[in-house]
Amino acid sequence: MSYQEVYRQSLQDPVVFWQEKSQALPWFQFPSHILTQDENGSDRWFADGKMNTAYMALDHHVEQGLGEQIALIYDSPVTATKKVLSYLQLRDQVAQFAGVLRSLGVGKGDRVVIYMPMVPEAAIAMLAVARLGAVHSVVFGGFAPHELAVRIDDAQPKVIVSASCGVEVGKVIQYKPMLDLAIEQAEHKPKHCVVLQRPQAKALMLTPRDLDWHEQMAVAKPAECVPVNATDPLYILYTSGTTGKPKGVVRDNGGHAVALHYSMSAIYAMEPGQVFWAASDVGWVVGHSYIVYGPLLAGCTSILYEGKPVKTPDAGAFWRVVEEYGVTVLFAAPTAFRAIKKEDPEARLIQNYDISSLQRIYMAGERLDPPTYDWTCEKTKTPVIDHWWQTETGWAICANPMGIEPYPSKPGSATLPVPGFDVQILNSLGEQLPAGEQGAIAIKRPLPPGCLPTIWGDFARFESGYLQDYPGYYCSGDGGYKDAEGYVFVMGRTDDVINVAGHRLSTGEMEEIVAAHPDVAECSVIGVQDELKGQVPVGLVLLKDGAIISEQELQQQLMQRVREEIGAIACLKQTLIVQRLPKTRSGKILRKLLRQIADGQDYIVPSTIDDPASLTEIEQAMEARGLVRVAR
Ligand code: COA
Ligand code: AMP
């Protein structure tokens, strides 16, 4: 069937379409209600289906005789370690760790926070939580204690699973002191922490709260899979919104399993037994969906890579892994390829490896700029597929439907809407815009399976953040357009979210930290273009009267504060002291205008502006520092 036919079917009769897709999975009880609404009016998939995600991802394959097939490959250039786990071995370790958690009182619906580096135990912990019908919340290891504390308070976990350390390029990051500090800062105190002692650092354990991973595993009794309802939550994953309070995106069990299983064939054209490598981190949605759940649900082999695209040890790292494990599909953020391109512009290191197993490269997490697209296609001689998605959706909204009918790619476009996603471009009145016109990218409801049904503990925030702006639609927060052939071009966020090296961050949150500095009267943090990281944050600061601090000093202090509060990944390295910030007459900072200046876009000076000269001043200051993308 052609893509157009499949797509039309998915929108015309979503119930029939998704019922059929759900039948590919081993449910304990097949759902008879395919699409219903919950008490909040939120669309829910497969409400009366009974299942267990870890069972579908592991036990089922073992029962089908695939126990000896490799499920997970751990490759860690930073610790010079490699490890291979078959489906049977992974299932057994997951069952064992589920036994540990059960012995600590974790049961159906309880939350478990996982704050871990890229080690197989992170995936084992996630699957073990799923096995018990509990809810995991993985917190990216690069986040500082404050961020972890906020998530602990929101998710209220019974247990936290962590490790003594993570290993970055040339340095060991001690996780345990950060965990201790986070628990100290949080109001909610978990009953226990299970800590994986790694050889690179020994964590100081606090008794009786802290327990050793290996000691607990040695005495645990394996736990069976606990049946859950399809609509029961599998995980909470916090993502940056426009304020300092991250949003707990809720993922249910049933819709998630069906969507990811479908995506593995429709989008990635993967067959069971092939090797899928998402070079991301389990702390991000890409890691959840395509290091852990997607490949395992589809019976593929997944790679968990503890390293970087460069410097571990060089820009040939990706090609080495592709050759060593016969990778079929590689998925990474464009920033990773920009890093490789920077160090090895001619891609000479590819010559050292046989990458002929590689059939497709997928990119997401930020806009794939045409030069990076062209370079990767040319140097790898492999089709490169840009696809657009968000933590909220859990899988791609737009992609080249490689497993249905491949389309020619167009640089700068994430190609076509994936079946199930009715993608529309809307103007500010909520009217659909014709081809070629830029507007807000929205998805007509119902959202397909896998997408968030709510924000953890805060349905009102889900409604106000995503559903209210355009009734009947989910508002993605991204802007863009469709061309005459229906290709979707995602141009960037329309809110205060930025993407730094594929990491999603809130400028609003950074503003709260900058504004708390004693010398700062007012500020605005905006994302400016960066050749390597896509975007980096820059602070524009108005000092308090009488403040005597140099720009350099302030910059240093603010960088330190942001690192301490959010984490090193936030990279607020540049601060500009300005004399005024553009505001409306009612005193609101015109952030959109600042973003437009930084992006080198033409802008219209609003009639509500209080002080138009402030714009010229800021534009000049930014140009002087090379912060404006295109000279206008
Ligand atoms: N734990 C602790 N610290 C971390 C961390 C982690 N998991 N990840 C990053 N950091 C730290 C780094 O050590 C660095 O600290 P420093 O400023 O003290 O040196 C800081 O955060 C910034 O890291 P990063 O943004 O990764 O920059 P980099 O210069 O070290 O590396 C890239 C640049 C492009 C190689 C790297 O960002 C990369 O591989 N990006 C891909 C991201 C990705 O896969 N995203 C997933 C979406 S698909
Ligand atoms: P995250 O929730 O961290 O996955 O970030 C989602 C955001 O990243 C989206 O809202 C987009 O702004 C951006 N993004 C992800 N993939 C793409 C893509 N292929 N093209 C453009 N932007 C993207």
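Student: Is there a simple way to think about the overall build of the protein chain in this case?
Tutor: Counting secondary structure elements, the protein chain contains 18 helices and 31 strands. For 632 residues, the compact-globule estimate of 2.2 N^0.38 gives 26 Å, and the C-alpha radius of gyration of the protein chain, at 24 Å, lies within 12% of that figure. Dimensions along the principal axes, computed over C-alpha positions, put the protein chain at roughly 70 × 60 × 60 Å. Residue pairs in contact within the protein chain that sit at least 24 positions apart in sequence constitute 70% of those at least 6 positions apart. Carbon and sulfur atoms form 50% of the exposed surface of the protein chain, whose accessible area is close to 23800 Å².

Student: Would you take a moment to explain the packing of helix α4 (residues 87-103) against helix α5 (residues 120-131) for this structure?
Tutor: Relative placement of two packed helices is described by the angle separating their axes and the distance separating the axes. α5 packs onto α4 with a crossing angle of 65° between their chain directions and a minimal axis gap of 8 Å. Judged by the angle between their axes, α4 and α5 are roughly perpendicular. Between α4 and α5 the crossing geometry is right-handed. Residues L90, R91, Q93, V94, A95, F97, A98 and L101 of α4 lie in contact with α5, whose contacting residues are I124, A125, L127, A128, V129 and R131. Residues that form the contact of α4 with α5 fall into these classes: 11 nonpolar, one polar and two charged.

Student: Explain the site of ligand 2 here, please?
Tutor: Near ligand 2 lie 16 residues; those nearest to it are D386, T391, D478, R493 and R504. Taking G365, its main chain carries an N or O atom lying 3.1 Å from a nitrogen atom of ligand 2. In this structure, E366 approaches ligand 2 through a main-chain N or O atom, which is 3.5 Å from a nitrogen atom. Surface burial for ligand 2 is 94%, taken as the share of its 490 Å² of free accessible area covered by protein chains. Classifying every residue of the shell around ligand 2 gives five nonpolar, five polar and six charged.

Student: What exactly am I supposed to notice about the nonpolar core here?
Tutor: Formed by 116 residues in total, the largest nonpolar core has its most connected members in F97 and W395. It is α5 that provides the largest number of residues to this core, a total of nine residues. Filtering out sequence-adjacent residues up to four positions away, F97 remains in contact with I124, A125, A128, V161, V194, W213 and M217. Listed in part, the 61 residues of the second largest apolar core include M178, L179, V536 and V538.

Student: Sorry if this is basic, but what is going on with the sheet that holds strand β25 (residues 473-482) here?
Tutor: Backbone hydrogen bonds hold the strands of a sheet together, and the pairing may be parallel or antiparallel. Taking strand neighbours across the sheet as the criterion, the four strands line up as β23-β24-β25-β26 in an open arrangement whose pairing is antiparallel. Each of the sheet's edge strands pairs with one partner strand only, and the pair in question is β23 (422-426) and β26 (488-493). The average angle at which neighbouring strand axes cross in this sheet is 50°, direction not considered. In this sheet, β25 lies alongside strand β24 (residues 439-444) in antiparallel orientation, the contact comprising five bridges. Residue pairing across strands places K444 opposite Y473, the latter belonging to β25.

Student: Which parts of the structure should I look at to understand helix α6 (residues 145-155)?
Tutor: Owing to its 3.6 residues per turn, the α-helix brings residues three or four apart onto one side. The complete set of buried residues in α6 reads P145, E147, L148, A149, R151, I152 and A155. If you follow the buried residues of α6, they end up packed against β6 (111-115), β8 (159-163), α7 (176-185), β14 (233-239), α15 (507-515) and α16 (551-565). At the C-terminal side of α6, Q156 shows a positive phi close to 50°.

Student: Hey, could you run me through unusual backbone geometry in this one?
Tutor: The bulk of non-glycine residues show a negative phi, and the bulk of peptide bonds are trans. Note the cis peptide between T207 and P208, where omega equals 0°. A cis amide bond links R445 to the next residue, P446, at an omega of 5°. Counting through the fold element by element, P446 comes out in the loop between β24 and α14 (459-467). The phi torsion at F46 lies on the positive side, around 60°, for a residue other than glycine.

Student: Which parts of the structure should I look at to understand the sheet that holds strand β4 (residues 70-76)?
Tutor: Pairing is mixed in the open sheet, where seven strands are placed in the order β5-β4-β17-β16-β18-β19-β20. One side of each edge strand has no neighbouring strand; the edge strands of this open sheet are β5 (81-86) and β20 (384-386). Along the sheet, successive strands turn relative to each other by an average axial angle of 20°, direction set aside. As defined by bridge partners, strand β16 (residues 275-278) adjoins strand β17 (residues 301-305) across two bridges and the pair is classed as parallel. In the strand pairing of β17, V275 is matched with T301.

Student: Can you walk me through the packing of helix α17 (residues 591-598) against helix α18 (residues 613-624) in this structure?
Tutor: Here α17 crosses α18 at 40°, and the two axes come no closer than 10 Å. Compared by their axis directions, α17 and α18 come out oblique. Handedness of the α17/α18 crossing: right-handed. Listed contacts from α18 to L593, L594, I597 and A598 of α17 are L615, I618, E619 and M622. Residues belonging to the contact of α17 with α18 are distributed by class as follows: seven nonpolar, no polar and one charged.

Student: Teacher, can you tell me more about the confidence of the model for the protein chain here?
Tutor: Detailed conclusions should not be drawn from predicted coordinates in areas where pLDDT is low. For the protein chain, per-residue confidence averages 95 on the pLDDT scale, and 99% of positions sit at 70 or higher. The least confident element of the protein chain is α17, whose mean pLDDT is 83; the most confident is α5, at 99.

The rules behind the values
Per chain, residues are indexed from 1 in the order of the written sequence. Here every chain gets a letter starting at A, and every ligand a number starting at 1, in the order they are written. In keeping with the predicted nature of the model, local features appear solely for residues at pLDDT of at least 70, side-chain atom pairs appear and are counted solely at 80 or more, and the whole-chain, interface and lining totals rest on all residues. Side-chain measures were taken over the full set of non-hydrogen atoms in the model, leaving aside hydrogen atoms and water. Numbering of helices and strands runs from the N terminus, with a helix taken as a DSSP run of H or I at least four residues long and a strand as a DSSP run of E at least two residues long. Just to be clear, the radius of gyration here is over C-alpha atoms, and the globule rule we use is 2.2 Å times residues to the power 0.38. Every residue pair with non-hydrogen atoms within 4.5 Å of one another is taken to be in contact. Computed with the Shrake-Rupley method and a 1.4 Å probe, the accessible areas treat only the protein chains shown as cover for residues. To define axes, lines are fitted to C-alpha atoms, for helices over the stretch in contact only, and angles between the resulting N-to-C directions are given on a 0 to 180 degree scale. For classification purposes, an angle smaller than 35 degrees is called roughly parallel, one larger than 145 roughly antiparallel, one from 65 to 115 roughly perpendicular, and anything else oblique. Crossing handedness is defined as follows: a turn of the near helix away from the far one that is anticlockwise and smaller than a right angle gives a left-handed crossing, while the clockwise case is right-handed. In this count, Pro and Cys sit with the nonpolar residues alongside Ala, Val, Leu, Ile, Met, Phe, Trp and Tyr, while Asp, Glu, Lys and Arg are called charged and the others, Gly among them, polar. Nearness is defined per residue: one heavy atom within 4 Å of the molecule or strand is enough. Whenever a nitrogen or oxygen atom comes within 3.5 Å of another N or O atom, the pair is scored as a polar contact, on the condition that within protein one atom can donate a hydrogen and the other can accept it, and that pairs from neighbouring residues in sequence are kept only if both atoms are in side chains. As used here, the term nonpolar core means buried Ala, Val, Leu, Ile, Met, Phe, Trp, Tyr and Cys residues forming a set that is joined through side-chain atoms within 4.5 Å. For each residue, the accessible area found with a 1.4 Å probe, counting protein chains only, is set against the maximum for its type, and the residue is called buried under 20%, exposed over 50%, and partly exposed in between. In this scheme, strands are said to pair when DSSP sees at least two bridges between them. By definition, pLDDT measures how confident the predictor is in each residue, and it falls between 0 and 100.

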